[in-house]
Amino acid sequence: MLKYIEMDYKLPDLTCARKRTREDVNRRVFNIEEKLLSIGKDKYYLIKTHGCQANERDSENIAGLLEKIGYTKTLDESKADIVIINTCAIREGAEDKVFGELGALKRYKTLNPNMIIGICGCMAQEERTVKTILDKYKQVNLIFGTHNINDLPRLISNIYEENRKSIEVYSIEGEVIEDIPSVRTSSHKASVNIMYGCNKFCAYCIVPYTRGKERSRLLEDVVKEVEELVNNGYKEVTLLGQNVNAYGKDLDADYDFSDLLEAVAKTNIKRIRFMTSHPWDFNDKMIEVIKNNSNIMPYIHLPLQSGSDNVLKVMNRRYTSQTYKELFDKLKTNLPNFAFTTDIIVAFPGESEEDFNKTLEMVDYCKYDNAFTFIFSPREGTPAYNMENLIPQEEKNRRLSVLNEKVSYYANLNNKKYQDKIVEVLVDGPSKKNPNIYSGYIPEGKLVNFKGKCNVGDIVKVKITEALSFSLNGEQVE
Ligand code: SAH
Ligand code: SF4
Ligand code: F3S
């Protein structure tokens, strides 16, 4: 690696990324040097985003920063002066897509040698990935990580001024930087970060290494952001964190997630969602607040990962099938009309047929409205990477398809309850193919396609005429 160090590159380091200290989180407000403000004048940018909502939100900040320094958005690669791929490292498949895109971009760089090709996001936080990019994808001349998005103007300026690559990734616990410029992709729904990072270290997961330690934004900053969104006509906010139930624990403050939820519910926002709740610290006060505020949507995503205690233990998930069930029962009793979804991993190293069957039993028990199901993908640097007793590919596929069949069965069963019912849909827009067909989501988080006449951002009443497994069809009635 020495040659890269000599070139003044800052490279990621998984050993540093693993560290957690009790040191205070550095909090600051974004600022930018005057001289950077016009470096993108008359130039075009394009951003490609992979991964979760945290990445989508980061891309809105990247767009905000690029527009701040003069760039204009384009969707045309041949016109772009800078293309940034915001990557996800959660599974191997997500990474393969990015390498494919990089290959395809090479052609445009040949036509426009001044084009900047940038990589950021979670893959940029991985040691081996960055090395592979530097060795094999020489067209990439900008790499930055999840901790220094705010530095993008300076990193671009280095490329223009010094005619060199800008490679800067920090494997640190992370800061909280307020007021980074942002261009939101939607004018009626918004994601609002309430915390960054993760301290859970589930054995399979790369996120704690790519995103740093759990660090919460201050309650007043979150509420201020939601109030601004309300003033700008937004109808829905999704409060984002890898584990929202841990909100506030890192702060020297007397509030937690339930207080934050309540404060957000008191604004005039019509719909509040939150992602993701870890079953570990979902407490009674949160359930109470959710129950008592009608603008908190009747939908909870509660990742299970596995129904087997043996597997849960090796995964380091900190709950058992029994405690998960107890929490699930409590939620169902207190929030009877809520929709529940989950995440499940199959073929974790050592998962026996019996373990897998326990996962199926749990799906039968919880009858989820939907589940996001994945085959275990080994991530370098995580404890599960070197685990033995791998499951043969054919068996992995079999387990995934058996599970998916069960998930669809319950998804369909749950959706059937909506047949002929009138529901409220927040309209996302008309379909690309047919301008008379609109789509949007109901409070329970289900997608509805319907015939009607309305505007993006309206909340309209729709009668459900057909219930499919993963969406509903209907007609607008009001
Ligand atoms: N913080 C969230 C999850 C974020 S990642 C939580 O704890 O619920 C989203 C999902 O990806 C996880 O819930 C898990 O099901 C899946 N996932 C994460 N790492 C994975 C891996 N190495 N292989 C397969 N699936 C994985
Ligand atoms: Fe990953 Fe577990 Fe953290 Fe979720 S809670 S981001 S699965 S380590
Ligand atoms: Fe992917 Fe990083 Fe999100 S790994 S799922 S983009 S936190």
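Thresholds, definitions, all that
- Residues numbered from 1 in each chain as written.
- Chains lettered and ligands numbered in written order.
- Predicted model: local features only at pLDDT ≥ 70, side-chain atom pairs only at ≥ 80, totals over all residues.
- Heavy atoms only, no water.
- Near = heavy atom within 4 Å.
- Nonpolar A, V, L, I, M, F, W, Y, C, P; charged D, E, K, R; others polar.
- Buried < 20%, exposed > 50% of the residue type's maximum accessible area, 1.4 Å probe, protein only.
- Helix = DSSP H or I, 4+ residues; strand = E, 2+ residues; numbered from the N terminus.
- Arc of directions from axis to C-beta.
- Polar contact = N/O pair within 3.5 Å; in protein donor to acceptor, adjacent residues only side chain to side chain.
- Pairing = 2+ DSSP bridges.
- Axes fitted to C-alpha atoms, helices over the stretch in contact; angles between N-to-C directions.
- Core = buried A, V, L, I, M, F, W, Y, C linked by side-chain atoms within 4.5 Å.
- Contact = heavy atoms within 4.5 Å.
- Areas by Shrake-Rupley, 256 points an atom, 1.4 Å probe, with all protein chains shown as cover.
- Parallel < 35°, antiparallel > 145°, perpendicular 65-115°, else oblique.
- Left-handed = near helix turned anticlockwise from the far one by under 90°.

**As for the site of ligand 3**
The environment of ligand 3 is made up of Cys52, Asn55, Cys88, Ala89, Ile90, Cys122, Val207, Arg211 and Gln242. When the residues that make up the shell around ligand 3 are grouped by side-chain class, the tally is 6 nonpolar, 2 polar and 1 charged.

**So, helix H10 (residues 284-292)**
Within H10, the full set of buried residues consists of Met286, Ile287, Val289 and Ile290. One side of H10 holds all its buried residues, which, seen down the axis, span an arc of 165°. Between a side-chain oxygen at the N-terminus of H10 and the backbone nitrogen of Lys285 the separation is 3.2 Å; the capping residue is Asn283.

**Some words on the side chain of His50**
Considering the arrangement of structural elements, one finds His50 in the loop between strand E2 (44-49) and helix H3 (53-68). Reaching out from His50, the side chain makes a polar contact with the side chain of Glu101 at a distance of 3.0 Å.

**Some details on the sheet that holds strand E16 (residues 370-375)**
The strand order E14-E15-E16 describes an open sheet built from 3 strands, whose pairing is parallel. Among the strands making up the open sheet, the edge pair consists of strand E14 (299-301) and E16. Sheet twist, expressed as the average angle between the axes of neighbouring strands with direction ignored, equals 10°. Pairing geometry for E14 and strand E15 (residues 339-346), over 3 bridges, is parallel.

**What to know about the nonpolar core**
One finds Leu239, Phe257, Val264 and Ile300 to be the most contacted residues of the largest nonpolar core, which totals 58 residues. Beyond its immediate stretch of four places on either side in the chain, Val264 contacts Val222, Val223, Val226, Val237, Leu239, Ile269 and Ile272. Membership of the second largest hydrophobic core comes to 30 residues, among which are Val98, Leu134, Val169 and Ile206.

**A few points about the site of ligand 1**
Around ligand 1 there are 15 residues in total, and Gln242, Pro303, Gln305, Asp343 and Ser377 lie nearest to it. One of the side-chain N or O atoms of Gln305 is found 2.7 Å from an oxygen atom in ligand 1. One of the side-chain nitrogen or oxygen atoms of Arg317 is found 3.5 Å away from an oxygen atom of ligand 1. Within the complex, 90% of the 540 Å² of free accessible area of ligand 1 lies under protein. Residue assignment for the shell around ligand 1 shows that the elements contributing at least two residues are E15 and E16. Across the shell around ligand 1, the residue classes break down as 7 nonpolar, 4 polar and 4 charged.

**A closer look at the pairing of strand E9 (residues 189-193)**
The element E9 is largely enclosed, with a buried count of 4 among its 5 residues. Of the strand pairs in this sheet, E9 and strand E12 (residues 236-240) are connected by 5 bridges, and their pairing is parallel. Bridged to Val192 within E12 is Leu239.

**Description of the side chain of Asn148**
Along the polypeptide, Asn148 turns up in the loop between strand E6 (142-144) and helix H6 (152-162). Each residue touching Asn148, except ones within four places of it in the same chain, is listed here: Leu155, Glu168 and Tyr170.

**So, helix H5 (residues 127-136)**
The α-helix winds at 3.6 residues per turn, so residues separated by three or four positions along the chain end up facing the same way. Every buried residue of H5 is listed here: Thr129, Val130, Ile133 and Leu134. With its buried residues spanning 130° around the axis, H5 presents them on a single face. Exposed residues on H5 whose side chains face more than 90 degrees from its buried face are Arg128 and Lys136.

**Describing the packing of helix H13 (residues 353-366) against helix H14 (residues 393-416)**
Contact geometry of H13 with H14 gives a least axis separation of 10 Å together with a crossing angle of 15°. Considering their axes alone, H13 and H14 lie roughly parallel with respect to each other. Crossing hand, H13 versus H14: right-handed. Taken together, the residues of H14 that come into contact with H13 (itself represented by Glu353, Phe356, Leu360, Val363 and Asp364) are Glu395, Arg398, Arg399, Val402, Leu403, Lys406 and Tyr410. Broken down by class, the residue content of the contact of H13 with H14 amounts to 6 nonpolar, no polar and 6 charged.

**Concerning the environment of Pro181**
One can find Pro181 in the loop between strand E8 (176-178) and E9. In this structure the C-alpha to C-alpha distance between Pro181 and Asn31, which are 150 residues apart in sequence, comes to 9.6 Å. Among all residues touching Pro181, those that are not within four sequence positions of it are Phe30, Glu60, Asn61, Gly64, Leu65 and Lys68.

**Looking at the sheet that holds E6**
If you walk across this open sheet you meet the 6 strands as E3-E2-E4-E5-E6-E7, and the pairing is parallel. On the outer flanks of this sheet lie strand E3 (72-73) and strand E7 (166-168), each paired with one strand and no other. Alignment of strand E5 (residues 116-121) against E6, held across 2 bridges, turns out to be parallel. By the bridge assignment, Gly118 is partnered in E6 with Leu142. Sitting on the sheet, helix H4 (residues 92-111) is in contact with E2, strand E4 (82-87) and E5, with an inclination near 175° to E4. Most of the contacts of H6 go to E6, to which it runs at about 155°, and overall it touches E4, E5, E6 and E7.

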